Every structure is written in structure tokens, then in C-alpha cells.
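These are the residues of each chain, in order.
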Amino acid sequence: AQKITQTQPGMFVQEKEAVTLDCTYDTSDPSYGLFWYKQPSSGEMIFLIYQGSYDQQNATEGRYSLNFQKARKSANLVISASQLGDSAMYFCAMREQNTGNQFYFGTGTSLTVIP
Amino acid sequence: DSGVTQTPKHLITATGQRVTLRCSPRSGDLSVYWYQQSLDQGLQFLIQYYNGEERAKGNILERFSAQQFPDLHSELNLSSLELGDSALYFCASSVREGGTGELFFGEGSRLTVL
């Protein structure tokens with residue numbers, strides 16, 4: 001089974017609107033971390049946001065927030081007030097405590113912000 | 001700036017050749033990961049080192065090898081290169097071998113095999 005599933009290969013959003021990028025994960029480890037990375041066309045991987053499995057509140061970092069639904073094993077990224085510079089690939093990732101040397105990535109979602 | 005340094009940033013070579021990609025992790029990070037990202041592909045985990053020792057192996061070809069040196073920098077050696085080896089190769093580092101902390105990525109080395 002896939003550890004990280006991103007079902008949206010491509011998404012479009014109007015500038016200044018909010019967008020949600022979906023991510024589901026699969027783990028039996030009670031302790032894990034969930035991450036979102038942004039990869040613009042220039043290629044670098046930029047860390048956006050982190051959610052720990054024991055965190056009670058959803059993580060937020062500026063315009064990024066993570067909608068963490070533990071029972072559903074869902075960790076969707078919400079980008080508010082989209083900007084043209086948000087156009088990029090977005091990867092969801094997970095790291096488990098017990099297998100911490102494994103870092104699992106989804107296949108990514110390509111986001112295009114339309115002016 | 002993540003603090004992870006990769007060289008070279010771009011590399012063009014011919015089939016059959018051998019190249020070495022270099023990575024310097026963030027100061028204090030003991031764990032180094034190598035990933036391969038081919039065109040329109042996700043990130044494929046290749047190999048992980050922790051404090052000089054190999055810790056995990058992913059989909060790394062036998063033509064590829066890596067090592068982590070006492071000063072913690074790492075090198076990924078790619079030999080008998082094929083067209084399909086053209087990809088963006090990322091190095092990432094983290095403080096510990098395990099745990100749930102984030103990975104810090106370098107800017108990648110873009111390899112083109114002609």
C-alpha cells in the first residue's frame with residue numbers, strides 16, 4: 001500500500017482564492033510527522049509546514065495551514081489568498097518514528113494560479 | 001537557504017561516463033539522504049547515511065554508489081551512465097537518524113546524460 005497518496009495530479013486556482021491540496025497517508029506507527037514541500041519550476045524543494053501526530057491543533061505557517069484529520073488519515077494543505085508565485089509542484093511527505101530513516105513522499109500535485 | 005549544499009548544480013555528460021555528486025549537510029546534521037527525481041516523476045529514495053554508516057537503501061542501481069565521509073559530507077557516484085539516469089538528484093539532511101523531524105533539501109544537481 002502507498003504510504004502517501006496525492007490524488008490530484010493538477011489543480012488550478014484563481015489568484016487571491018484559497019485552494020486545498022489533498023493528502024492521505026497510511027501508517028500504523030502512533031508517532032509520525034507530516035510535511036508539505038513546494039517545488040517551483042527552478043527545482044529546489046522548499047519546506048512549507050509540519051504537523052506532528054500528537055499535535056492537538058492544526059499547523060499554520062502564514063498563508064499555509066494543514067487540515068489534519070487523524071481519524072481519516074488526512075493531511076490536506078490549504079493555501080489561502082493564492083499568489084502567482086504559488087504555482088509549483090507540492091509534495092506531501094511522512095516520516096514515522098519507528099522507521100525514521102524512511103521519508104515517504106507522495107507523487108505531487110501541480111498547482112497553477114491563474115491571474 | 002536550507003543550509004544543505006550540493007555541487008555541481010548542473011552537469012552534462014555522455015553515456016558510459018561516470019560522475020560524482022557532492023553534498024554538504026547542514027551544520028550539525030548527521031543524517032544524509034539521496035533522492036532521484038526524473039522528469040515528471042516523484043522523488044525516489046536512493047540511500048541514507050547516518051554518521052558515516054549506511055542506514056537504509058532504496059531503489060538504488062548497482063551502478064550507483066554513495067558514501068559519507070568523516071566530515072559528514074556525502075558523495076553519490078553514478079557510473080556507466082545511461083540516458084535514463086538524466087534526473088535531478090537531491091541531497092537532504094536531518095539531525096537524527098530517526099524521529100519525525102523534517103528533511104532539509106539542497107537545491108539539487110541536475111544531471112543530463114546525452
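Going by the structure above, here's the rest.
(A) Main features of the overall build of chain A. Check the secondary structure of chain A and you find zero helices and 12 strands. Its helices and strands taken in sequence order, chain A reads β-β-β-β-β-β-β-β-β-β-β-β from the N to the C terminus. Relative to its length of 115 residues, chain A is compact, with a C-alpha radius of gyration of 14 Å against a globular reference of 13 Å. With respect to the principal axes defined by its C-alpha atoms, chain A has extents near 45 × 25 × 20 Å. Per-residue burial for chain A yields a buried fraction of 49% across its 115 residues. Within chain A, contacts between residues at least 6 apart in sequence are counted, and of these 55% link residues at least 24 apart.

(B) Geometry of the environment of Gly52 of chain B. All names here are of chain B. Here Gly52 shows up in the loop between strand 5 (43-50) and strand 6 (53-57). Classification of Gly52 by relative accessible area gives partly exposed; the value is 32%. Taking C-alpha positions, Gly52 is 8.2 Å from Leu30, a pair spaced 22 residues apart along the chain.

(C) Here's a closer look at the sheet that holds strand 7 (residues 64-68) of chain B. Residues and elements named next belong to chain B. The sheet built from four strands is open, its strands ordered 1-3-8-7 with antiparallel pairing. The open sheet terminates on both sides in strands that have one partner only, identified here as strand 1 (5-7) and strand 7. Sheet twist, expressed as the mean angle between neighbouring strand axes with direction ignored, is 15°. For strand 7 and strand 8 (residues 74-78), the ladder comprises five bridges, and the chain directions are antiparallel. Each residue of the ladder has a partner; that of Ala66, found in strand 8, is Leu76.

Conventions we followed
Residues numbered from 1 in each chain as written. Chains lettered and ligands numbered in written order. Predicted model: local features only at pLDDT ≥ 70, side-chain atom pairs only at ≥ 80, totals over all residues. Heavy atoms only, no water. Helix = DSSP H or I, 4+ residues; strand = E, 2+ residues; numbered from the N terminus. Rg over C-alpha atoms; globule rule 2.2 N^0.38 Å. Buried < 20%, exposed > 50% of the residue type's maximum accessible area, 1.4 Å probe, protein only. Contact = heavy atoms within 4.5 Å. Pairing = 2+ DSSP bridges. Axes fitted to C-alpha atoms, helices over the stretch in contact; angles between N-to-C directions.

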